[in-house]
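# Working through the structure, step by step
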Amino acid sequence: MKVGYRFFILVVSLILFGIIDVCHAQKLSNNFYRKTCPRVEKIVEEIIQNRSPSNPTLGAKLIRLQFHDCFVRGCDASVLLDTVNDSKAEKEAIPNQSLSGFDVIDEIKTAMEMACPKVVSCADILALAARDAVSAPFKKSMWDVQLGRRDGRVSLATETSGNIPGSFANISSLIQLFNRKGLDVNDLVVLSGAHTIGVSHCGAFSRRLYNFTGKGDADPSLDGAYAQTLRKQCPNPASPTITVEMDPESSLSFDNHYYHMLLQNKGLFVSDAALVADRNSNRAVIQLQRSPYSFLPAFAKSMKKMAAIEVLTGNAGEIRQNCRVVNPLK
């Protein structure tokens, strides 16, 4: 009893002195805003539904925005912050310069501040908006989003290096990076399935078409006919204004067609082709290709894991009033 009592007193003392902060240990939940902002999901949904008809690639844009946010400093909306003075923010880093959808998040945040001032984080808004934009064509939510994230106050372009997987990444570096974020090989394959929607700039893959080994050759792992089609769309040198579908014939449909393309050696990026070069990842690709109805549940599960990477909760971080700037210090 004495040992137990002493342990209890020790824990209480650590909490009182701030060495153990129970507020930081809060978890995300499905009903986090039930009392403080009950219309939070409805507000996001309505704006996304209004935006989607005129912007059919919105789902791809917001999923990519959330992915790039979560892989740097966790899912804390740091990717939304603008550069201040000479310290370039994440969105200024090369891998992030083609990100878009910031205006949609701004619109949602403005509406949210009118309905529930200083309550809903930009990180939660981004998670909801990405889900709803992908879900819009299905007329129903494709996965549950747990809420309770708080916003970070730091955004550094230098921190994207080594955290954002590049289009030329090989399988070992991809697996290593995902493992560092608490994601496994299956999550890597499933989340890569987001490439079934949206487009890419030619510069992200043109080296595969024209100068793969530095000798003016094409990547031999890329289907020859597909490479020829891509060369017609993307002249050399690559134009920054030209884009192509990442998943031809299915770039507006969130489905498992991407995996069919991979098994035909028609993955657009080296990082796509890498998924069929490894035994374990290739097995996951085949399973998703053979079972069209397994992709959406698998994607929902992996998105839930990704959206919880290194989240700030409790009294960590802040609730930004403007997603582009941190709140003034009091």
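Residues numbered from 1 in each chain as written. Predicted model: local features only at pLDDT ≥ 70, side-chain atom pairs only at ≥ 80, totals over all residues. Heavy atoms only, no water.

### Some thoughts on the overall build of the protein chain
So the rule is basically this: Numbering of helices and strands runs from the N terminus; a helix is a DSSP stretch of H or I covering at least four residues, while a strand is a stretch of E covering at least two. Based on C-alpha atoms, the radius of gyration is set beside the globule rule, defined as 2.2 Å times the residue count to the power 0.38. Remark: exposure states derive from per-residue accessible area (1.4 Å probe, protein chains only) relative to the maximum for the residue type, with buried under 20%, exposed over 50%, and partly exposed in between. By the convention used here, residues are in contact when the closest approach between their heavy atoms is within 4.5 Å. Exposure was quantified through the Shrake-Rupley algorithm and a 1.4 Å probe, taking into account, for residues, occlusion by the shown protein chains and nothing else. In summary, the charge assignment counts Lys and Arg as positive and Asp and Glu as negative, without counting His or the chain termini. Taken as the charge location is NZ of Lys, CZ of Arg, CG of Asp or CD of Glu.
For the protein chain, the count of helices and strands is 13 helices and two strands. A globule of 330 residues ought to have a C-alpha radius of gyration of about 20 Å, and the protein chain, at 21 Å, matches this closely. Each of the three principal axes of the protein chain carries a C-alpha extent, and together these read 70 × 50 × 45 Å. Looking at the protein chain as a whole, 46% of its 330 residues are labelled buried. A separation of at least 24 residues holds for 73% of the contacts in the protein chain among residues at least 6 apart in sequence. Surface exposure of the protein chain reaches about 16700 Å², of which carbon and sulfur atoms provide 55%. Distance between charge centres in the protein chain, computed from 38 positive and 32 negative side chains, equals 5 Å.

### Observations concerning the environment of H68
You can see H68 is positioned in helix α3 (residues 58-70). Leaving out residues up to four positions away in the same chain, H68 has contacts with E90, P95, N96, L99 and I164.

### Observations regarding unusual backbone geometry
Cis geometry marks the peptide bond from N236 to P237; its omega dihedral reads 0°. With respect to the helices and strands, the residue P237 is situated in the loop between α9 (224-233) and β2 (243-245). You will see that K139, though not glycine, has its phi angle at about 65°, which is positive. As for its position among the elements, K139 is in the loop between α5 (122-135) and α6 (171-180). For K139, a relative accessible area of 76% translates into the label exposed.

### Here's the deal with the state of the cysteines
In protein structure, a disulfide is the covalent linkage between the sulfur atoms of two cysteines. The cut-off we apply is this: Cysteine sulfur pairs qualify as disulfides if the two atoms are within 2.5 Å.
Inspection of the entire model under this criterion finds four disulfides. Between the sulfur atoms of C37 and its disulfide mate C116 the distance is 2.0 Å. Torsion about the S-S bond of the C37 and C116 cystine: about 75°, corresponding to right-handed handedness. Within this pair, whereas C37 is found in the loop between α1 (2-16) and α2 (40-51), its partner C116 is found in the loop between α4 (102-115) and α5, the two being separated by 79 residues in sequence. Each member of the pair, C37 as well as C116, carries the same accessibility label: buried. With a sulfur-sulfur separation of 2.0 Å, C202 is cross-linked through a disulfide to C234. Torsion about the S-S bond of the C202 and C234 cystine: about -70°, corresponding to left-handed handedness. Of the two residues, C202 is situated in the loop between β1 (199-201) and α8 (207-210) and C234 in the loop between α9 and β2; the sequence distance between them amounts to 32 residues. Each member of the pair, C202 as well as C234, carries the same accessibility label: buried.

### Re the environment of N265
Tracing the sequence through the fold places N265 in the loop between α10 (257-263) and α11 (270-273). Relative accessible area serves as the criterion here: at 39%, N265 is assigned to the partly exposed category. Residues N265 and L177, spaced 88 residues apart in sequence, show a C-alpha to C-alpha distance of 24 Å. If we ignore the near neighbours within four places in the chain, the residues touching N265 are S221, L222 and D223.

### What about the UniProt feature "domain: Plant heme peroxidase family profile" (unreviewed entry) in the protein chain?
Going by this rule: UniProt positions are given in the numbering used here, feature names are shortened, and annotations may be inferred rather than shown by experiment.
UniProt's entry tags residues 27-327 with the feature "domain: Plant heme peroxidase family profile" (unreviewed entry), counted in the numbering of this structure. What you have in residues 27-327 is 40% helix and 2% strand, and the ends, taken at the C-alpha atoms, are 24 Å apart.

### As for the pattern of salt bridges
Keep this limit in mind: Just to be clear on terms, a salt bridge is a Lys or Arg side-chain nitrogen sitting within 4 Å of an Asp or Glu carboxyl oxygen.
Overall, the coordinates contain 16 salt bridges when judged by the stated rule. Put simply, R51 and E107 hold a salt bridge, and the shortest N to O gap is 2.8 Å. Pair noted here: R51 is in helix α2 and E107 is in helix α4, with a separation of 56 residues, a long-range link. A relative accessible area of 23% means that R51 is categorised as partly exposed. Classification of E107 as partly exposed rests on a relative accessible area of 34%. Notably, a salt bridge pairs K305 with D187, separated by 2.6 Å at the nearest N-O pair. Of this pair, K305 sits in helix α13 (residues 295-306) while D187 sits in helix α7 (residues 185-192), and the two are 118 residues apart along the sequence. Given a relative accessible area of 32%, K305 falls into the partly exposed group. What makes D187 buried here is its relative accessible area of 3%.

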